[in-house]
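# Structure at a glance
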Amino acid sequence: METRNNNNNGKPNLLKETIFRSGRLMIAGPCSAESPEQLMDTARVLSADGRVHFLRAGIWKPRTSPGSFQGVGTEGLKWLSDIKNETGLPVATEVGSERHVYEALKYGVDLLWIGARTVSNPFTVQEIADAIRGVDVPVMVKNPLSPDIDLWEGAIKRFVKARISQVGAIHRGFTPNTKSVFRNQPNWAIPLMLRHRMPGLQIICDPSHIAGNRELVPLIAQRAITNNFDGLMIEVHPNPADALSDASQQICAGDFPGLMDKLFGDNEQNNPDDLLEELRLEIDNLDDNLVETLANRMELIKHITAVKKDIEMEVVQQSRWEKILERVMAEAGEKGLRSTFVKKLFTNIHKESCLFQKTHISKRRKNEKSE
Ligand code: PEP
Ligand code: MN
């Protein structure tokens, strides 16, 4: 097996050439294994396409709600093994415990990945790393749900320290803190920073879990390619509408070759219109966050107004305002924002806040007088 034929002289290095047969690692397949037929229908398309290195399928599904489909379990590993024998396509699955590792390896799974929910728990990550220790199988570590780069890096290091020679990362986006067009916020700066922190680490992108909706998958995939990611993991299903998990984000198997042509074909590579659209969606998302932050700030202003009125404090506290400005200007300066712009912006925010407080306090005073 090419993926296992990896002599690294005992030195733990990060993902090696071996699994990058064409420069970019391509993993595709259904969110979950559902039936032998569903897997075979997908595998046939992917194998015929010839640009996919691993068929992915979740066997054990870490679901948010207990009522959701939990995966077919070990039975699905037998299906994967049969499909591998029949099509020659190596297979990949998610492991979330020591037992999963043993079962997956027993059935010859060729690549293991650690899911976003598992990676947040260092005990479990260590347990999994210990179970894989010494086995020459590639491990891809998804980012945790929260945008915590240290936690992500720490998990990757646990596998490297367990002397697993092929360790890579998967960027699958972060839980959004406000409403968003994406299921998960891409926060591209985080995987790019990880690449900076761990030179040589191969990072691929999972546009399916970032997008959460199949229409947006090509845009995110294109952006990942523009950002020089080392590959993609894409959810593909023969009939996505009937999928038992992540139905809205899986690409129809029949559309997969077209997507590959679009992403990697000579004609439409790096289509600037697509990139523009994706960037605009991200800007809309950030603008929504700004509005939400302003609304939250105003909510606090309402509370502070009541406190100031009770203790008969002046609305404008010059020293406090100077401190706010000094702090945000320093922070903004570090992030490369122009000081005149930031000063103007915060002066306006402060003005609005003072106006609200003054109007509110004088209204309350009038009401009290008339009572
Ligand atoms: C998945 O790959 O289907 C999955 C559960 O992903 P994540 O861990 O990124 O949510
Ligand atoms: Mn999924």
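As the structure is a prediction and not an experimental result, all values here were calculated from the model. Counting from 1, residues in each chain are numbered in the order their sequence is written. The lettering of chains begins at A and the numbering of ligands begins at 1, in the order of writing. The predicted origin of the model limits local features to residues at a pLDDT of at least 70 and limits the giving and counting of side-chain atom pairs to 80 or more, whereas totals for whole chains, interfaces and linings rest on all residues. Side-chain measures here rest on the full set of heavy atoms in the structure, leaving out hydrogens and waters.

### Quick word on the site of ligand 1
For clarity, the threshold we go by: Put simply, a residue is near a molecule or strand once any heavy atom of it comes within 4 Å of that molecule or strand. Pairs of N or O atoms within 3.5 Å make up the polar contacts considered here, provided that, within protein, one atom can donate a hydrogen while the other can accept it, and that residues adjacent in sequence are counted only when both atoms are side-chain atoms. Where accessible areas are quoted, they stem from the Shrake-Rupley method and a 1.4 Å probe; at the residue level, only the protein chains shown are allowed to cover. Ten residue types, Ala, Val, Leu, Ile, Met, Phe, Trp, Tyr, Cys and Pro, are classed as nonpolar, four, Asp, Glu, Lys and Arg, as charged, and the remainder, Gly among them, as polar.
Near ligand 1, the surroundings consist of Cys31, Arg56, Lys61, Glu94, Trp113, Gly115, Ala116, Arg117, Lys142, Arg172, His209 and Glu235. Contact between ligand 1 and Arg56: an oxygen atom at 2.8 Å from a side-chain N or O atom of the residue. At 3.3 Å, a side-chain N or O of His209 approaches an oxygen atom of ligand 1. Across the complex, the protein chains shield 97% of the 300 Å² of accessible surface that ligand 1 would expose by itself. Tallied by class, residues from the shell around ligand 1 come to three nonpolar, two polar and seven charged.

### Quick notes on the confidence of the model for the chain
In plain terms, the rule: Residue-level confidence of the predictor is summarised by pLDDT, bounded by 0 at the bottom and 100 at the top. Contact between two residues is taken to exist if any of their heavy atoms lie within 4.5 Å; hydrogens are not considered.
Scored by pLDDT, the chain has a mean of 91; 93% of the residues are at 70 or more. Throughout residues 1-13 the model reports pLDDT below 50, and contacts reaching past four residues in sequence, or to other chains, amount to 32 contacts.

### Focus: the coordination of the manganese ion (ligand 2)
Angles between donor atoms at a metal ideally measure 109.5 degrees for a four-coordinate tetrahedral arrangement and either 90 or 180 degrees for a six-coordinate octahedral one. Put simply, the rule reads: In this listing, donors mean N, O and S atoms no farther than 2.8 Å from the metal, or 3.2 Å for Na, K and Ca; water is missing from the atoms, so a site can look incomplete. In DSSP terms, a helix is any run of H or I states spanning at least four residues, a strand is any run of E spanning at least two, and both are numbered starting from the N terminus. Think of it in three bands: residues with accessible area under 20% of the maximum for their type are buried, residues over 50% are exposed, and the middle band is partly exposed, with areas taken using a 1.4 Å probe on protein chains only.
Summarising the metal site, the manganese ion (ligand 2) is bound by the protein donors Cys31 (SG), His209 (NE2), Glu235 (OE) and Asp246 (OD), whose distances to it range over 2.1 to 2.4 Å. Between the donor residues of the manganese ion (ligand 2), the gaps in sequence give the motif C-x177-H-x25-E-x10-D. Taken together, the residues span a long stretch of sequence, with His209 in helix H7 (residues 207-211) and Glu235 in strand E8 (residues 231-237) at a distance of 26 residues. Looking at His209, the relative accessible area reads 8%, which means it is buried.

### A short note on the side chain of Gln250
By the element assignment, Gln250 lies in the loop between E8 and strand E9 (251-252). On the basis of relative accessibility, which here comes to 0%, the residue Gln250 falls in the buried class. There is a polar contact of 2.8 Å between the side chain of Gln250 and the backbone oxygen of Ser245. Dropping the residues within four chain positions of it, Gln250 is found in contact with Gly29, Pro30, Cys31, Arg214, Glu235, Val236, His237, Pro240, Ala243 and Ser245.

### Digging into the packing of aromatic side chains
Here is the rule we go by: A pair of aromatic rings is counted whenever rings of Phe, Tyr or Trp (Trp by its six-membered ring) have centres within 6.5 Å, and the orientation is called stacked for planes under 30 degrees apart, edge-to-face for over 60 and tilted otherwise. The criterion is that NZ of a Lys, or CZ of an Arg, lies within 6 Å of the ring centre and within 35 degrees of the ring normal, and then a charge sits over that ring.
The full count for this structure, using the stated rule, is one aromatic pair. Measuring from ring centre to ring centre gives 5.5 Å for Trp188 and Phe229, while their planes differ by 75°; the resulting arrangement is edge-to-face. In this pair, Trp188 sits in the loop between strand E6 (167-171) and helix H6 (189-197) while Phe229 sits in the loop between helix H8 (217-226) and E8, placing the two residues 41 residues apart along the sequence. The aromatic ring of Phe229 is capped on one face by Arg195, whose charged end is 5.9 Å from the ring centroid.

### Some words on the state of the cysteines
Put simply, the rule reads: Counting rule for disulfides: a pair of cysteine sulfur atoms within 2.5 Å.
All told, the structure shown has zero disulfides when counted by the stated rule. As a non-bridged cysteine, Cys205 has Cys31 as the owner of its nearest cysteine sulfur, 16 Å distant. Of all cysteine sulfurs in the structure, the one in Cys31 sits closest to Cys252, which takes part in no disulfide; the separation is 16 Å.

### Description of the pattern of salt bridges
Rule in force here: Any carboxyl oxygen of Asp or Glu within 4 Å of a side-chain nitrogen of Lys or Arg constitutes a salt bridge here.
One pass over the structure, following the stated rule, counts 18 salt bridges. Note that Asp49 is salt-bridged to Arg51, the shortest N-O span being 2.8 Å. What makes Asp49 buried here is its relative accessible area of 17%. Residue Glu103 is joined to Lys106 by a salt bridge in which the shortest nitrogen-to-oxygen separation is 3.5 Å.

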